[in-house]
Amino acid sequence: MTPRKLLSDCFRTEGDPMSHGECLAILTGRLSTVTGTEELPLAATSGRWLAADIMAPRNVPLHDNAAVDGYTFAAPASGPMPVVARIAAGDLGRHSLEPGQAARIFTGAAMPEGADTVAMQEDCTVEGDTVSVPSGLRRGDNARRAGEDVAADSTVLHAASRLRPQDMAALASFGLARVKVRAPVRVAILSNGDELLEPGAEISQGQVYDSNRAMLRALTATLPCEITDLGILPDNAALIEATLAEVAKSHDVILTSGGASHGDEDHIVNAVDRLGTRHLWQMAIKPGRSMSFGQIGDCVFLGLPGNPVAAFVCFLLYVRPALTVLGGGSYREPVRFPVAAGFEVRDKKPGRREFWRGSLETGADGRPVAHKFARDGSGLISGLREATGLIEVTEATTTVERGDLVSFLPFTGFGIDG
Ligand SMILES: Nc1nc2c(c(=O)[nH]1)N[C@H]1C(S)=C(S)[C@@H](COP(=O)(O)OP(=O)(O)OC[C@H]3O[C@@H](n4cnc5c(N)ncnc54)[C@H](O)[C@@H]3O)O[C@H]1N2
Ligand code: MOO
(Lines give C-alpha, C1' and ligand atoms only; values in the text may rest on other atoms or scores of the structure.)
(Ligands and ions follow the chains in the order given, each with its own letter.)
Protein backbone atom coordinates (compact mmCIF):
# COMPACT_ATOMS: atom_id res chain seq x y z
CA MET A 1 0.00 0.00 0.00
CA THR A 2 1.34 3.45 -0.83
CA PRO A 3 1.81 5.60 2.26
CA ARG A 4 -0.77 8.33 2.52
CA LYS A 5 0.48 11.86 2.51
CA LEU A 6 -0.02 12.88 6.08
CA LEU A 7 1.93 15.22 8.26
CA SER A 8 5.42 14.22 9.04
CA ASP A 9 6.89 17.47 10.30
CA CYS A 10 7.02 17.99 14.00
CA PHE A 11 5.21 21.06 15.25
CA ARG A 12 5.75 20.23 18.85
CA THR A 13 7.16 22.96 21.01
CA GLU A 14 8.13 21.84 24.48
CA GLY A 15 7.09 24.27 27.16
CA ASP A 16 5.54 26.67 24.68
CA PRO A 17 1.84 25.93 24.25
CA MET A 18 0.41 26.13 20.75
CA SER A 19 -2.24 28.74 20.01
CA HIS A 20 -5.73 27.79 18.93
CA GLY A 21 -5.26 29.40 15.51
CA GLU A 22 -1.96 27.66 14.86
CA CYS A 23 -3.35 24.24 15.84
CA LEU A 24 -6.43 24.65 13.65
CA ALA A 25 -4.32 25.82 10.71
CA ILE A 26 -2.16 22.69 10.98
CA LEU A 27 -5.10 20.32 11.31
CA THR A 28 -7.04 21.77 8.41
CA GLY A 29 -4.12 22.74 6.18
CA ARG A 30 -1.64 19.94 6.66
CA LEU A 31 -3.77 16.82 6.89
CA SER A 32 -4.81 15.06 3.67
CA THR A 33 -7.89 13.15 2.71
CA VAL A 34 -7.36 9.50 3.57
CA THR A 35 -10.67 7.96 2.56
CA GLY A 36 -11.35 6.18 -0.71
CA THR A 37 -14.45 6.71 -2.81
CA GLU A 38 -17.49 4.51 -3.26
CA GLU A 39 -20.56 4.71 -5.45
CA LEU A 40 -23.69 4.10 -3.40
CA PRO A 41 -27.45 4.11 -3.96
CA LEU A 42 -28.74 7.64 -3.42
CA ALA A 43 -30.57 6.79 -0.18
CA ALA A 44 -27.34 5.56 1.42
CA THR A 45 -25.40 8.76 0.77
CA SER A 46 -27.13 11.21 3.11
CA GLY A 47 -24.58 12.90 5.37
CA ARG A 48 -21.58 11.73 3.33
CA TRP A 49 -18.90 13.93 1.74
CA LEU A 50 -19.34 14.14 -2.01
CA ALA A 51 -16.37 12.67 -3.93
CA ALA A 52 -16.81 14.62 -7.19
CA ASP A 53 -18.64 17.65 -8.56
CA ILE A 54 -22.14 16.87 -9.82
CA MET A 55 -23.59 18.45 -12.94
CA ALA A 56 -27.28 18.38 -13.67
CA PRO A 57 -27.64 16.00 -16.64
CA ARG A 58 -30.88 17.72 -17.74
CA ASN A 59 -33.11 20.67 -17.03
CA VAL A 60 -35.13 20.63 -13.83
CA PRO A 61 -38.01 20.84 -14.45
CA LEU A 62 -37.66 19.12 -17.78
CA HIS A 63 -40.59 20.95 -19.37
CA ASP A 64 -42.57 24.15 -18.88
CA ASN A 65 -45.42 23.20 -16.55
CA ALA A 66 -48.41 24.62 -14.74
CA ALA A 67 -47.93 25.96 -11.20
CA VAL A 68 -51.69 25.92 -10.50
CA ASP A 69 -54.87 24.11 -11.52
CA GLY A 70 -56.64 26.16 -14.21
CA TYR A 71 -56.55 27.05 -17.89
CA THR A 72 -53.51 27.62 -20.06
CA PHE A 73 -53.29 29.84 -23.12
CA ALA A 74 -50.97 32.31 -24.91
CA ALA A 75 -51.14 35.72 -23.22
CA PRO A 76 -52.66 38.20 -23.76
CA ALA A 77 -56.13 36.68 -23.93
CA SER A 78 -59.04 38.57 -25.47
CA GLY A 79 -62.50 37.26 -24.78
CA PRO A 80 -63.74 33.71 -24.25
CA MET A 81 -61.48 30.95 -25.61
CA PRO A 82 -62.52 27.44 -26.72
CA VAL A 83 -61.12 24.74 -24.38
CA VAL A 84 -59.61 22.22 -26.80
CA ALA A 85 -57.64 19.88 -24.52
CA ARG A 86 -57.42 18.51 -20.97
CA ILE A 87 -53.91 17.94 -19.64
CA ALA A 88 -53.27 16.32 -16.25
CA ALA A 89 -49.90 15.85 -14.49
CA GLY A 90 -48.27 12.74 -15.95
CA ASP A 91 -50.01 13.10 -19.33
CA LEU A 92 -47.31 12.05 -21.78
CA GLY A 93 -49.16 13.26 -24.90
CA ARG A 94 -47.90 16.21 -26.94
CA HIS A 95 -50.54 18.91 -27.01
CA SER A 96 -50.50 22.19 -28.90
CA LEU A 97 -52.75 25.22 -28.99
CA GLU A 98 -53.59 27.63 -31.79
CA PRO A 99 -53.65 31.34 -30.87
CA GLY A 100 -56.94 32.11 -29.09
CA GLN A 101 -57.38 28.54 -27.79
CA ALA A 102 -57.12 27.34 -24.18
CA ALA A 103 -56.59 23.99 -22.46
CA ARG A 104 -57.73 22.73 -19.09
CA ILE A 105 -54.52 22.05 -17.12
CA PHE A 106 -53.53 20.80 -13.66
CA THR A 107 -50.58 21.60 -11.39
CA GLY A 108 -47.39 19.96 -12.65
CA ALA A 109 -48.78 19.09 -16.11
CA ALA A 110 -46.57 19.94 -19.11
CA MET A 111 -47.69 23.11 -20.85
CA PRO A 112 -48.89 22.53 -24.42
CA GLU A 113 -46.98 24.03 -27.32
CA GLY A 114 -48.27 27.53 -28.05
CA ALA A 115 -49.21 28.29 -24.40
CA ASP A 116 -47.19 30.39 -21.99
CA THR A 117 -49.56 31.40 -19.17
CA VAL A 118 -51.96 29.74 -16.73
CA ALA A 119 -55.05 31.30 -15.15
CA MET A 120 -56.14 29.91 -11.77
CA GLN A 121 -59.43 28.06 -12.03
CA GLU A 122 -60.92 30.13 -9.16
CA ASP A 123 -60.52 33.26 -11.32
CA CYS A 124 -61.95 31.80 -14.58
CA THR A 125 -65.49 31.79 -15.96
CA VAL A 126 -66.48 28.67 -17.83
CA GLU A 127 -69.44 28.79 -20.22
CA GLY A 128 -70.09 25.65 -22.23
CA ASP A 129 -66.85 24.75 -23.99
CA THR A 130 -65.27 28.17 -23.51
CA VAL A 131 -63.30 29.84 -20.75
CA SER A 132 -62.75 33.52 -19.95
CA VAL A 133 -59.62 34.37 -17.96
CA PRO A 134 -59.07 37.52 -15.91
CA SER A 135 -57.48 40.46 -17.65
CA GLY A 136 -54.14 41.64 -16.33
CA LEU A 137 -52.36 38.28 -16.34
CA ARG A 138 -48.82 38.72 -17.59
CA ARG A 139 -47.15 36.30 -19.98
CA GLY A 140 -45.62 33.47 -17.92
CA ASP A 141 -47.84 33.93 -14.87
CA ASN A 142 -48.47 30.69 -12.97
CA ALA A 143 -46.16 28.80 -15.32
CA ARG A 144 -42.87 27.15 -14.28
CA ARG A 145 -40.21 27.30 -16.97
CA ALA A 146 -38.07 24.33 -18.02
CA GLY A 147 -34.71 24.59 -16.24
CA GLU A 148 -35.84 27.32 -13.85
CA ASP A 149 -34.74 25.27 -10.83
CA VAL A 150 -31.53 23.95 -12.38
CA ALA A 151 -30.22 24.35 -15.92
CA ALA A 152 -28.82 21.30 -17.74
CA ASP A 153 -25.02 20.92 -17.48
CA SER A 154 -24.64 23.38 -14.60
CA THR A 155 -22.47 22.25 -11.68
CA VAL A 156 -24.82 22.10 -8.77
CA LEU A 157 -22.97 20.24 -6.04
CA HIS A 158 -19.28 20.45 -5.37
CA ALA A 159 -16.83 17.75 -4.34
CA ALA A 160 -16.11 17.80 -0.59
CA SER A 161 -19.51 19.23 0.31
CA ARG A 162 -21.68 17.35 2.79
CA LEU A 163 -24.88 15.82 1.45
CA ARG A 164 -27.75 17.39 3.36
CA PRO A 165 -31.45 16.42 3.16
CA GLN A 166 -32.11 19.15 0.60
CA ASP A 167 -29.18 17.87 -1.51
CA MET A 168 -30.86 14.45 -1.53
CA ALA A 169 -33.87 16.17 -3.11
CA ALA A 170 -31.65 17.87 -5.71
CA LEU A 171 -29.85 14.65 -6.67
CA ALA A 172 -33.13 12.77 -6.96
CA SER A 173 -34.58 15.60 -9.07
CA PHE A 174 -31.73 15.07 -11.56
CA GLY A 175 -32.71 11.39 -11.76
CA LEU A 176 -29.46 10.16 -10.18
CA ALA A 177 -29.80 6.72 -8.62
CA ARG A 178 -26.17 6.33 -7.51
CA VAL A 179 -23.73 8.87 -6.16
CA LYS A 180 -19.95 8.82 -5.70
CA VAL A 181 -19.09 9.68 -2.12
CA ARG A 182 -16.18 9.36 0.27
CA ALA A 183 -15.94 6.24 2.40
CA PRO A 184 -16.32 6.85 6.15
CA VAL A 185 -13.26 7.64 8.25
CA ARG A 186 -12.33 4.60 10.34
CA VAL A 187 -12.12 5.88 13.90
CA ALA A 188 -11.10 3.79 16.90
CA ILE A 189 -12.25 5.25 20.21
CA LEU A 190 -10.90 4.33 23.61
CA SER A 191 -10.79 5.61 27.15
CA ASN A 192 -7.81 5.31 29.41
CA GLY A 193 -7.58 5.20 33.18
CA ASP A 194 -7.56 2.61 35.97
CA GLU A 195 -10.38 4.49 37.70
CA LEU A 196 -12.80 4.06 34.79
CA LEU A 197 -15.71 1.68 34.85
CA GLU A 198 -18.19 0.57 32.21
CA PRO A 199 -21.76 1.83 32.89
CA GLY A 200 -23.79 -1.04 34.31
CA ALA A 201 -20.94 -2.37 36.47
CA GLU A 202 -20.98 -2.14 40.28
CA ILE A 203 -19.08 1.01 41.33
CA SER A 204 -16.71 1.33 44.31
CA GLN A 205 -14.98 4.20 46.06
CA GLY A 206 -12.27 5.67 43.80
CA GLN A 207 -13.98 4.68 40.56
CA VAL A 208 -15.84 6.73 37.98
CA TYR A 209 -18.07 5.60 35.14
CA ASP A 210 -16.57 6.17 31.71
CA SER A 211 -18.70 9.01 30.39
CA ASN A 212 -16.30 10.31 27.74
CA ARG A 213 -16.61 7.31 25.45
CA ALA A 214 -20.39 7.53 25.20
CA MET A 215 -20.05 11.25 24.43
CA LEU A 216 -17.21 10.82 21.92
CA ARG A 217 -19.03 8.03 20.08
CA ALA A 218 -22.06 10.29 19.73
CA LEU A 219 -19.96 13.28 18.63
CA THR A 220 -18.04 11.16 16.11
CA ALA A 221 -21.32 9.86 14.72
CA THR A 222 -22.28 13.42 13.68
CA LEU A 223 -19.72 12.98 10.85
CA PRO A 224 -19.37 10.17 8.30
CA CYS A 225 -17.25 7.80 10.36
CA GLU A 226 -17.07 4.08 11.01
CA ILE A 227 -16.50 3.70 14.73
CA THR A 228 -14.62 0.90 16.45
CA ASP A 229 -15.23 1.02 20.18
CA LEU A 230 -12.13 -0.29 21.95
CA GLY A 231 -13.56 0.19 25.43
CA ILE A 232 -11.47 1.13 28.45
CA LEU A 233 -7.73 0.54 28.56
CA PRO A 234 -6.19 0.33 32.05
CA ASP A 235 -2.99 2.20 32.95
CA ASN A 236 -0.76 -0.55 31.67
CA ALA A 237 2.02 0.78 29.44
CA ALA A 238 2.70 -2.49 27.60
CA LEU A 239 -0.96 -3.18 26.90
CA ILE A 240 -1.57 0.40 25.70
CA GLU A 241 1.44 0.30 23.40
CA ALA A 242 0.48 -3.08 21.93
CA THR A 243 -3.13 -1.98 21.42
CA LEU A 244 -2.24 1.33 19.74
CA ALA A 245 0.31 -0.39 17.46
CA GLU A 246 -2.25 -2.96 16.34
CA VAL A 247 -5.19 -0.59 15.96
CA ALA A 248 -3.13 1.94 13.96
CA LYS A 249 -2.71 -0.63 11.17
CA SER A 250 -6.40 -0.78 10.39
CA HIS A 251 -7.74 2.67 11.30
CA ASP A 252 -7.45 6.20 9.99
CA VAL A 253 -7.77 7.79 13.42
CA ILE A 254 -7.28 6.77 17.04
CA LEU A 255 -9.29 8.99 19.36
CA THR A 256 -8.53 8.69 23.04
CA SER A 257 -9.43 10.49 26.23
CA GLY A 258 -7.43 10.52 29.42
CA GLY A 259 -3.73 9.95 29.94
CA ALA A 260 -3.02 13.00 27.82
CA SER A 261 -0.94 15.14 30.15
CA HIS A 262 2.51 14.10 31.25
CA GLY A 263 2.06 12.47 34.62
CA ASP A 264 3.75 9.16 35.32
CA GLU A 265 0.40 7.47 34.76
CA ASP A 266 -0.28 9.19 31.43
CA HIS A 267 0.66 6.23 29.29
CA ILE A 268 -1.18 7.10 26.11
CA VAL A 269 1.06 9.96 25.02
CA ASN A 270 4.16 8.04 26.07
CA ALA A 271 3.05 5.15 23.85
CA VAL A 272 2.51 7.50 20.89
CA ASP A 273 6.01 8.90 21.41
CA ARG A 274 7.45 5.40 21.25
CA LEU A 275 5.38 4.20 18.29
CA GLY A 276 5.23 7.32 16.12
CA THR A 277 5.45 11.10 16.29
CA ARG A 278 3.65 13.49 18.55
CA HIS A 279 3.13 16.78 16.77
CA LEU A 280 1.74 18.75 19.64
CA TRP A 281 0.78 18.72 23.20
CA GLN A 282 -0.19 21.59 25.43
CA MET A 283 -2.52 24.13 23.93
CA ALA A 284 -2.84 27.77 24.96
CA ILE A 285 -6.56 27.25 25.55
CA LYS A 286 -8.91 26.46 28.42
CA PRO A 287 -10.31 23.91 28.80
CA GLY A 288 -8.20 21.48 26.84
CA ARG A 289 -4.67 22.46 27.65
CA SER A 290 -3.43 18.89 27.47
CA MET A 291 -4.82 18.05 24.03
CA SER A 292 -2.26 16.09 22.01
CA PHE A 293 -1.98 15.16 18.38
CA GLY A 294 0.34 12.88 16.46
CA GLN A 295 0.59 9.95 14.13
CA ILE A 296 1.47 6.28 14.29
CA GLY A 297 2.43 5.38 10.75
CA ASP A 298 -0.46 6.56 8.60
CA CYS A 299 -2.90 6.65 11.49
CA VAL A 300 -3.66 10.03 13.04
CA PHE A 301 -3.68 10.10 16.83
CA LEU A 302 -5.95 12.59 18.56
CA GLY A 303 -5.56 12.51 22.33
CA LEU A 304 -8.16 14.38 24.33
CA PRO A 305 -7.83 15.36 27.96
CA GLY A 306 -9.68 13.18 30.44
CA ASN A 307 -11.88 15.89 31.94
CA PRO A 308 -15.25 15.56 30.16
CA VAL A 309 -15.66 19.27 29.42
CA ALA A 310 -12.16 19.51 27.98
CA ALA A 311 -12.75 16.38 25.87
CA PHE A 312 -16.02 17.81 24.54
CA VAL A 313 -14.59 21.24 23.71
CA CYS A 314 -11.46 19.79 22.08
CA PHE A 315 -13.61 17.49 19.98
CA LEU A 316 -15.59 20.42 18.61
CA LEU A 317 -12.57 22.65 18.08
CA TYR A 318 -10.01 20.17 16.73
CA VAL A 319 -11.28 16.62 16.22
CA ARG A 320 -14.24 17.70 14.13
CA PRO A 321 -12.08 19.71 11.69
CA ALA A 322 -9.52 16.88 11.51
CA LEU A 323 -12.20 14.24 10.78
CA THR A 324 -13.65 16.56 8.15
CA VAL A 325 -10.38 17.01 6.27
CA LEU A 326 -9.33 13.34 6.63
CA GLY A 327 -12.77 12.29 5.40
CA GLY A 328 -12.56 14.38 2.23
CA GLY A 329 -14.78 17.24 3.36
CA SER A 330 -14.12 20.94 3.11
CA TYR A 331 -13.77 22.49 6.52
CA ARG A 332 -15.72 25.61 7.38
CA GLU A 333 -15.30 27.63 10.53
CA PRO A 334 -18.36 27.47 12.80
CA VAL A 335 -20.48 30.62 12.79
CA ARG A 336 -19.65 33.11 15.55
CA PHE A 337 -22.32 35.57 16.65
CA PRO A 338 -21.35 38.75 18.49
CA VAL A 339 -23.66 38.84 21.51
CA ALA A 340 -23.81 41.08 24.60
CA ALA A 341 -22.47 39.43 27.75
CA GLY A 342 -25.02 38.99 30.52
CA PHE A 343 -22.22 38.36 33.04
CA GLU A 344 -18.89 39.77 34.12
CA VAL A 345 -15.47 38.18 34.48
CA ARG A 346 -12.59 40.10 36.03
CA ASP A 347 -9.79 37.59 36.30
CA LYS A 348 -9.23 35.89 32.96
CA LYS A 349 -5.59 34.98 32.40
CA PRO A 350 -4.12 36.66 29.32
CA GLY A 351 -2.29 34.57 26.70
CA ARG A 352 -4.80 31.76 26.30
CA ARG A 353 -8.10 31.49 24.50
CA GLU A 354 -10.98 30.35 26.66
CA PHE A 355 -14.22 28.63 25.74
CA TRP A 356 -16.97 28.97 28.30
CA ARG A 357 -20.21 27.05 28.40
CA GLY A 358 -22.97 29.48 27.49
CA SER A 359 -26.58 29.90 26.51
CA LEU A 360 -28.62 32.70 24.99
CA GLU A 361 -31.59 34.51 26.42
CA THR A 362 -33.62 37.39 25.04
CA GLY A 363 -32.71 40.62 26.83
CA ALA A 364 -35.07 43.44 27.84
CA ASP A 365 -34.45 45.20 24.51
CA GLY A 366 -35.32 42.03 22.56
CA ARG A 367 -31.70 41.30 21.65
CA PRO A 368 -29.91 38.10 22.61
CA VAL A 369 -27.76 38.09 25.75
CA ALA A 370 -25.12 35.43 26.47
CA HIS A 371 -25.13 33.72 29.83
CA LYS A 372 -22.18 31.85 31.21
CA PHE A 373 -22.41 28.65 33.27
CA ALA A 374 -21.40 29.85 36.73
CA ARG A 375 -19.03 27.04 37.68
CA ASP A 376 -15.89 26.54 35.60
CA GLY A 377 -14.87 22.99 36.63
CA SER A 378 -13.74 20.90 33.70
CA GLY A 379 -15.39 17.81 35.15
CA LEU A 380 -18.93 19.24 35.28
CA ILE A 381 -21.05 17.55 32.65
CA SER A 382 -24.09 19.49 33.95
CA GLY A 383 -22.65 22.69 32.47
CA LEU A 384 -22.33 21.08 29.06
CA ARG A 385 -25.94 19.99 29.23
CA GLU A 386 -27.20 23.40 30.26
CA ALA A 387 -25.21 25.12 27.51
CA THR A 388 -26.38 25.68 23.96
CA GLY A 389 -23.01 26.89 22.72
CA LEU A 390 -19.54 28.12 23.56
CA ILE A 391 -18.56 31.64 24.48
CA GLU A 392 -15.15 32.29 22.95
CA VAL A 393 -12.82 34.74 24.67
CA THR A 394 -9.60 35.77 22.95
CA GLU A 395 -6.06 35.50 24.24
CA ALA A 396 -5.75 39.25 24.87
CA THR A 397 -8.93 39.53 26.96
CA THR A 398 -8.58 39.80 30.73
CA THR A 399 -11.99 41.18 31.72
CA VAL A 400 -15.50 40.97 30.37
CA GLU A 401 -18.00 43.58 31.52
CA ARG A 402 -21.76 43.13 31.37
CA GLY A 403 -22.87 44.33 27.92
CA ASP A 404 -19.47 43.75 26.22
CA LEU A 405 -19.76 41.88 22.94
CA VAL A 406 -18.53 38.28 23.14
CA SER A 407 -18.45 35.60 20.43
CA PHE A 408 -21.12 32.94 20.78
CA LEU A 409 -20.68 29.69 18.84
CA PRO A 410 -23.93 27.70 18.90
CA PHE A 411 -23.57 23.94 19.18
CA THR A 412 -25.69 23.61 16.03
CA GLY A 413 -22.66 24.99 14.14
CA PHE A 414 -20.80 21.87 15.28
CA GLY A 415 -23.46 19.42 14.11
CA ILE A 416 -25.18 19.09 17.51
CA ASP A 417 -28.93 19.60 17.19
CA GLY A 418 -31.66 19.84 19.76
N1 LIG B 1 0.15 18.50 37.51
C2 LIG B 1 -0.79 18.70 36.61
N3 LIG B 1 -1.95 18.05 36.72
C4 LIG B 1 -2.92 18.26 35.83
C5 LIG B 1 -2.74 19.20 34.79
C6 LIG B 1 -1.50 19.84 34.67
O7 LIG B 1 -1.27 20.64 33.76
N8 LIG B 1 -0.56 19.57 35.59
N9 LIG B 1 -3.77 19.44 33.93
C10 LIG B 1 -5.10 19.15 34.42
C11 LIG B 1 -6.06 19.27 33.36
S12 LIG B 1 -6.53 20.81 32.89
C13 LIG B 1 -6.60 18.17 32.78
S14 LIG B 1 -7.81 18.33 31.58
C15 LIG B 1 -6.21 16.84 33.12
C16 LIG B 1 -5.81 16.14 31.85
O17 LIG B 1 -5.25 14.96 32.23
P18 LIG B 1 -5.38 13.66 31.37
O19 LIG B 1 -5.80 13.92 30.00
O20 LIG B 1 -4.10 12.94 31.56
O21 LIG B 1 -6.59 12.91 32.02
P22 LIG B 1 -6.65 12.01 33.28
O23 LIG B 1 -5.65 12.42 34.27
O24 LIG B 1 -6.66 10.63 32.83
O25 LIG B 1 -8.10 12.41 33.80
C26 LIG B 1 -8.45 13.70 34.18
C27 LIG B 1 -9.83 13.62 34.86
O28 LIG B 1 -10.80 13.16 33.96
C29 LIG B 1 -11.43 11.96 34.41
N30 LIG B 1 -11.66 11.08 33.27
C31 LIG B 1 -10.71 10.55 32.49
N32 LIG B 1 -11.27 9.79 31.55
C33 LIG B 1 -12.60 9.81 31.75
C34 LIG B 1 -13.70 9.21 31.12
N35 LIG B 1 -13.51 8.40 30.07
N36 LIG B 1 -14.93 9.45 31.58
C37 LIG B 1 -15.11 10.25 32.67
N38 LIG B 1 -14.09 10.87 33.31
C39 LIG B 1 -12.86 10.64 32.86
C40 LIG B 1 -10.43 11.38 35.37
O41 LIG B 1 -11.03 10.51 36.27
C42 LIG B 1 -9.85 12.62 36.00
O43 LIG B 1 -10.72 13.11 37.01
O44 LIG B 1 -5.12 16.82 34.01
C45 LIG B 1 -5.19 17.78 35.06
N46 LIG B 1 -4.11 17.57 35.96
O1 MOO C 1 -7.15 21.87 30.18
MO2 MOO C 1 -7.99 20.84 31.22
O3 MOO C 1 -8.03 20.16 29.66
O4 MOO C 1 -8.59 22.45 31.35
O5 MOO C 1 -9.61 20.65 31.56
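Each value, and the rule that gives it
Residues numbered from 1 in each chain as written. Chains lettered and ligands numbered in written order. Predicted model: local features only at pLDDT ≥ 70, side-chain atom pairs only at ≥ 80, totals over all residues. Buried ≥ 20, exposed ≤ 12 C-beta atoms within 10 Å, placed from the backbone. Helix = DSSP H or I, 4+ residues; strand = E, 2+ residues; numbered from the N terminus. Pairing = 2+ DSSP bridges. Axes fitted to C-alpha atoms, helices over the stretch in contact; angles between N-to-C directions. Parallel < 35°, antiparallel > 145°, perpendicular 65-115°, else oblique. Left-handed = near helix turned anticlockwise from the far one by under 90°. Contact = placed C-beta atoms within 7 Å. Nonpolar A, V, L, I, M, F, W, Y, C, P; charged D, E, K, R; others polar. Domains from an automatic or database assignment. Core = buried A, V, L, I, M, F, W, Y, C linked by C-beta atoms within 7 Å. Near = placed C-beta within 6 Å.

S.K.: Explain the pairing of strand β13 (residues 185-192) to me, please; I cannot follow it from the model alone.
M.R.: Walk down a regular strand and you will see the side chains alternate between the two sheet faces. The element β13 is largely enclosed, with a buried count of 7 among its 8 residues. In this structure, β13 lies alongside strand β16 (residues 225-233), joined through 7 bridges in parallel fashion. Note that in β16 the partner of V185 across the bridge is C225. Bridging between β13 and strand β17 (residues 253-257) involves 5 bridges; their strand directions are parallel. By the bridge assignment, L190 is partnered in β17 with T256.

S.K.: Explanation requested: the packing of helix α4 (residues 237-250) against helix α5 (residues 267-275) in the structure shown.
M.R.: To describe two helices that pack against each other, one gives the angle between their axes and the distance between the axes. Two numbers describe how α4 lies on α5: the axes approach to 9 Å, and their chain directions differ by 55°. The angle between the axes of α4 and α5 places the two elements in the oblique class. For the element pair α4 and α5, the recorded crossing hand is right-handed. In this structure, α4 uses A237, I240, E241, L244 and A245 to contact α5, whose residues at the interface are H267, I268, N270, A271, V272, R274 and L275. The residue makeup of the contact of α4 with α5, split by class, is 8 nonpolar, 2 polar and 2 charged.

S.K.: Before we go on, may I ask you to explain the domain arrangement of the chain in this structure?
M.R.: Frequently, the measure chosen for interface size is the accessible area removed from exposure when the parts meet. Split into domains, the chain comes out as domain 1 (20-36 + 183-326), domain 2 (40-59 + 149-181), domain 3 (65-144) and domain 4 (337-414). The C-alpha-based centres of domain 3 and domain 4 are spaced at 59 Å.

S.K.: What exactly am I supposed to notice about the nonpolar core here?
M.R.: Soluble, globular proteins show a tendency: their nonpolar side chains are buried together. V253, L302, V313, C314, F315, A322 and L326 are the most contacted members of the largest nonpolar core, which totals 69 residues. Top element by residues in this core is helix α6 (residues 308-326). It accounts for 15 residues. Per-domain counts for this core show at least three residues from each of domain 1 (20-36 + 183-326) and domain 4 (337-414). When residues no more than four places from it in sequence are discounted, the contact partners of C314 are G288, M291, L304, P305 and V319. Residues L97, I105, V131 and V133 belong to the second largest nonpolar core, which totals 20 residues.

S.K.: Looking at this structure, how should I read the site of ligand 1?
M.R.: Around ligand 1 sit 24 residues in total, of which N212, G258, A260, P305 and G306 are the nearest. Within the shell around ligand 1, the residues separate by chemical class into 6 nonpolar, 13 polar and 5 charged.

S.K.: Explain the sheet that holds strand β9 (residues 130-132) to me, please; I cannot follow it from the model alone.
M.R.: What links the strands of a sheet is backbone hydrogen bonding, and the strands pair in either a parallel or an antiparallel sense. If you trace the 6 strands from one edge of the open sheet to the other, you get β7-β4-β6-β5-β9-β8, paired in mixed fashion. A strand with exactly one partner marks an edge of an open sheet, and here the two such strands are β7 (117-120) and β8 (125-127). Within the sheet, the average angular offset between the axes of one strand and its neighbour, ignoring direction, is 40°. Pairing between β8 and β9: 3 bridges, direction antiparallel. Paired with V126 across the bridge in β9 is V131.

S.K.: Explain the sheet that holds β17 to me, please; I cannot follow it from the model alone.
M.R.: Here 6 strands make up an open sheet; going across it, the order is β16-β13-β17-β21-β20-β18 and the pairing mixed. The sheet is open, and its two borders are formed by β16 and β18 (277-281), each paired with just one other strand. Across the sheet, the mean angle separating the axes of adjacent strands is 20° when strand polarity is ignored. Here helix α3 (residues 212-220) sits on the sheet and contacts β13, β16 and β17; the angle it forms with β13, its principal contact strand, is near 165°.

S.K.: What am I meant to see in the site of ligand 2 here?
M.R.: Close contacts around ligand 2 come from K286, P287, G288, R289, S290, P305, N307, A310 and S378, and that covers them all. Across the shell around ligand 2, the residue classes tally to 3 nonpolar, 4 polar and 2 charged.

S.K.: Help me out: how do you make sense of the packing of helix α1 (residues 20-29) against α6 in this one?
M.R.: Running from amino to carboxyl end, α1 crosses α6 at an angle of 20°, the nearest separation of the two axes being 8 Å. Looking at the two axes, α1 sits roughly parallel to α6. Crossing of α1 against α6: the hand is right-handed. Two secondary-structure elements touch here, α1 through C23, L24, L27 and T28 and α6 through Y318, P321, A322 and V325. Residue composition of the contact of α1 with α6, by class: 7 nonpolar, 1 polar and no charged.

S.K.: How do you make sense of the environment of L31 when you look at a structure like this?
M.R.: Secondary-structure assignment places L31 in the loop between α1 and β1 (37-41). Taking the C-alpha atoms as reference points, L31 and V406, separated by 375 residues in sequence, lie 31 Å from one another.

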